[in-house]
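Next come the chains, spelled out residue by residue.
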Amino acid sequence: MCGIIGIASRKEFESNDVIKMLKRLEYRGYDSFGIATDTGLFEKEVGEVRHVSDNRCTQAIAHTRWATTGKVTKENAHPHSSCDGNITIVHNGIIDNYLELKEWLAAKGHQFKSETDSEVIAHFFEEELKTCDMRHAVEKFFALVKGEFAVLLIMKGDDMIYTFKRGSPLVLGIADGMNILASDIYAFSNRTNKAVFFSEDEFAEVSAGGYKFYKYDSQLVPLTKEIQVFEWESKESGKMQYEHYMLKEIHEEPEAAARLIDSMKYEQKEKMNELKKMIEDSKRVVFVAAGTSYHASLLGVYFLNKAGIESHAIIASEFRNFTLLDDRTLVIAVTQSGETMDVIQALHGIKGEGVKIASFVNVPYSTVQRMSNVSVNICAGQEVCVAATKTFVNQVVALSYLASLFGYENGIEKIPDKINSLLRQEEKIKGMAETLKNVRDIYIIGRGFSYPVAREIALKLKEIAYIHAEGMMGGELKHGTLALIENGTPVISLMPEGDNHIISNTKEVEARGARVIVVSNSSFDYESIKIPSEDEASFSILATVVGQLLTYHVAKEKRLPVDKPRNLAKSCTVV
Ligand code: GLU
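Only a predicted model underlies this, so the values are computations on that prediction, with no experimental measurement involved. (Residues numbered from 1 in each chain as written. Predicted model: local features only at pLDDT ≥ 70, side-chain atom pairs only at ≥ 80, totals over all residues. Heavy atoms only, no water.)

Participant: I'm lost on the site of the ligand in this one. Help?
Facilitator: Residues in contact with the ligand amount to 14 residues; listed here are only the nearest, Cys2, Arg65, Thr68, His78 and Gly93. Between the ligand and the protein, one listed contact pairs a nitrogen atom with a side-chain N or O atom of Thr68 at 2.7 Å. Taking Gly93, its main chain carries an N or O atom lying 2.8 Å from a nitrogen atom of the ligand. In the complex, 100% of the free accessible area of the ligand, which totals 290 Å², lies under the protein chains. Here the shell around the ligand takes 3 residues from strand β6 (residues 87–95), the largest share from any one element. Tallied by class, residues from the shell around the ligand come to 4 nonpolar, 8 polar and 2 charged. (Near = heavy atom within 4 Å. Polar contact = N/O pair within 3.5 Å; in protein donor to acceptor, adjacent residues only side chain to side chain. Areas by Shrake-Rupley, 256 points an atom, 1.4 Å probe, with all protein chains shown as cover. Helix = DSSP H or I, 4+ residues; strand = E, 2+ residues; numbered from the N terminus. Nonpolar A, V, L, I, M, F, W, Y, C, P; charged D, E, K, R; others polar.)

Okay, here's the thing in structure tokens:
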């Protein structure tokens, strides 16, 4: 799920300028990184993207890695080179048949320095270019290689960057005297607002002076591509007074929610109406999403079902195994980045089956947005912390607003003020976090609209606080998990006023010695956090915010790397 950058410039630039751009892609992976330039710099290291040796150059490629194949080591970090060192590549994706290719290349005498799938690309071109030119070698690559790739390839003594993609995202930024290739526009959105987006199976030759595109369909055919002028502010406000981005982003939730509500009422009003019409013309809605966005989608299902619209949510990586689609199905993708590979793969080809696609996306111009018939921007702004916080809130705001267009009553317009008032309880939540920092397991239970919230809080506790947590339906406890409740096991019960069943489930764990913590809009005789909600949608958002703050303070107490937890990346661009 790495990030890649390639620059071809008329004027010389500094290697560390490339590193600055690469840093902007670090949300895609941060276990190791590397850079190669036309003036001989070749450096790679394990760890976060950081300063490299100063080097002036006119061409460079760079990579920040999230390992898929091969351990996190310096040798496995990209770039990778051919045996003679003339060809150097960076790759985002997974080459599925790399072992087969490696065996074939090894038989021809190629020696490999890494355990990665990616290294075969450099050797493949070294081998093929012995007998044909670059375009023919690229045709062979498209024909033989299985898997996903966005590749940047440079050759000694050649001013061109050769680039080709299938599956993984790639975009060309056209800046003053400089062409920039990158995994997304964010890498260069502070330098230019002109971009050419790659589609599937495209190849381009990019130099400082220009570019040529080709489409592969058994052979390469020249292609004219449109330059798009994009609008996306990329304000770099940094962490401001906050110690971590996670806390800053939680505190931005009221403002982000207000911005989205305003946008759906005015700027995106037409889009919301178009989406409403698409839902009215469909028989059912099926959400497709992963991780936190899946939990928001479950709430979307709840809200829409309440409004009388048949809805389901399926986890993206299993989408095709667990649903049947027809031309009366509207698929709604929910994804922060719009680049989640599991979601993209789920959507591939379904338009051809007559299925319409809508989406809720935070990053404009992303692949999912471009694949959609209609796409609503959730306007949360840049989210840097790997854990989704303000984007979850805005996904839920958007979905409850959508349901309200069908008569589902909620007080979502008041949510910015309500989050603000909840944030005033941060000290109390912090105190609770101190008492939870050493626990091994936490269970969170909810019913109905608070069930997806239970799952979302559990996910936060796992990914950021490294605590084993399970978020589950209160009614399911007695069917097995209750066996794990011991004296003192913390159970967070999401208890909306009037939900008597969750009170019973809470008493069941209490009777078995659990330490019960209640999150409710009513008062109970338990250790508790009271949230100012009057409706289901607000309850679900506010209870999640409690979970976000609790997780943050537990992780901080444990001195964990809050914004960049181990083994993860923000945007999962591989399957
Ligand atoms: N499969 C390659 C590797 O493991 C690239 C991974 C990525 O896209 O981050 O090195």
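Participant: Please explain the nonpolar core as it appears in this structure.
Facilitator: Here is a general trend for soluble globular proteins: nonpolar side chains tend to be buried in one another's company. Leu275, Ile332, Phe360, Val397, Ile444 and Leu494 are the most contacted members of the largest nonpolar core, which totals 91 residues. Examining the composition of this core, we find that 12 residues originate from one element, helix α16 (residues 536–557), more than from any other. The contact partners of Val397, leaving out residues within four places of it in the chain, are Ala257, Leu260, Ile261, Met264, Ile412, Ile415 and Ile541. Counting 29 residues, the second largest nonpolar core, distinct from the first, contains Phe149, Leu153, Met160 and Leu220. (Core = buried A, V, L, I, M, F, W, Y, C linked by side-chain atoms within 4.5 Å. Buried < 20%, exposed > 50% of the residue type's maximum accessible area, 1.4 Å probe, protein only. Contact = heavy atoms within 4.5 Å.)

Participant: Is there a simple way to think about the packing of aromatic side chains in this case?
Facilitator: Aromatic rings considered in pairs are described by the distance between their centres and by the relative angle of their planes. Taken as a whole and assessed by the stated rule, the structure comprises 22 aromatic pairs. Judged by centre distance (5.5 Å) and plane angle (35 degrees), the rings of Phe125 and Phe141 are tilted. Within this pair, whereas Phe125 is found in helix α3 (residues 119–128), its partner Phe141 is found in helix α4 (residues 134–144), the two being separated by 16 residues in sequence. For the pair formed by Phe125 and Phe141, the shared burial category is buried. Taken together, a centroid distance of 6.4 Å and an interplanar angle of 50 degrees make the contact between Phe188 and Phe230 tilted. Placement of the pair is Phe188 in the loop between β10 (178–182) and β11 (194–197) and Phe230 in the loop between β15 (228–229) and α5 (245–251), with a sequence separation of 42 residues. Phe230 carries the same exposure label as Phe188, and that label is buried. Taken together, the ring pairs in this structure connect Trp104, Phe124, Phe125, Phe141, Phe142, Phe149, Phe164, Phe203, Tyr214 and Tyr216 into an aromatic cluster. Lys564 extends its terminal NZ or CZ atom over the ring of Tyr30, reaching a point 5.9 Å from the ring centre. (Phe/Tyr/Trp six-rings, centres within 6.5 Å; stacked < 30°, edge-to-face > 60°. Lys NZ or Arg CZ within 6 Å of the ring centre and 35° of its normal.)

Participant: Could you clarify how one ought to interpret the packing of helix α8 (residues 291–306) against helix α14 (residues 451–465) in this entry?
Facilitator: When two helices pack together, their arrangement is given by the angle between their axes and by how far apart the axes lie. Between α8 and α14, whose axes approach to 8 Å, the crossing angle comes to 170 degrees. Between α8 and α14, the angle is such that the two are roughly antiparallel. Touching Gly291, Thr292, Tyr294, His295, Leu298 and Leu299 of α8 are Tyr451, Pro452, Val453, Arg455, Glu456, Leu459 and Lys460, all from α14. A class-by-class count of the residues in the contact of α8 with α14 yields 7 nonpolar, 3 polar and 3 charged. (Axes fitted to C-alpha atoms, helices over the stretch in contact; angles between N-to-C directions. Parallel < 35°, antiparallel > 145°, perpendicular 65-115°, else oblique.)

Participant: Can you help me understand the pattern of salt bridges in this one?
Facilitator: Between side chains of opposite charge, a pair can form when the charged atoms approach closely. Under the defined criterion, the tally for this structure stands at 33 salt bridges. Of the charged contacts in the structure, one is a salt bridge between Arg28 and Asp184, with a shortest N-O distance of 3.8 Å. Taken together, the residues Arg28 in the loop between α1 (15–23) and β2 (32–37) and Asp184 in the loop between β10 and β11 connect sequence positions 156 residues apart. The same class applies to Arg28 as to Asp184, namely buried. Note that Arg320 is salt-bridged to Glu353, the shortest N-O span being 3.4 Å. (Salt bridge = Lys/Arg side-chain N within 4 Å of Asp/Glu carboxyl O.)

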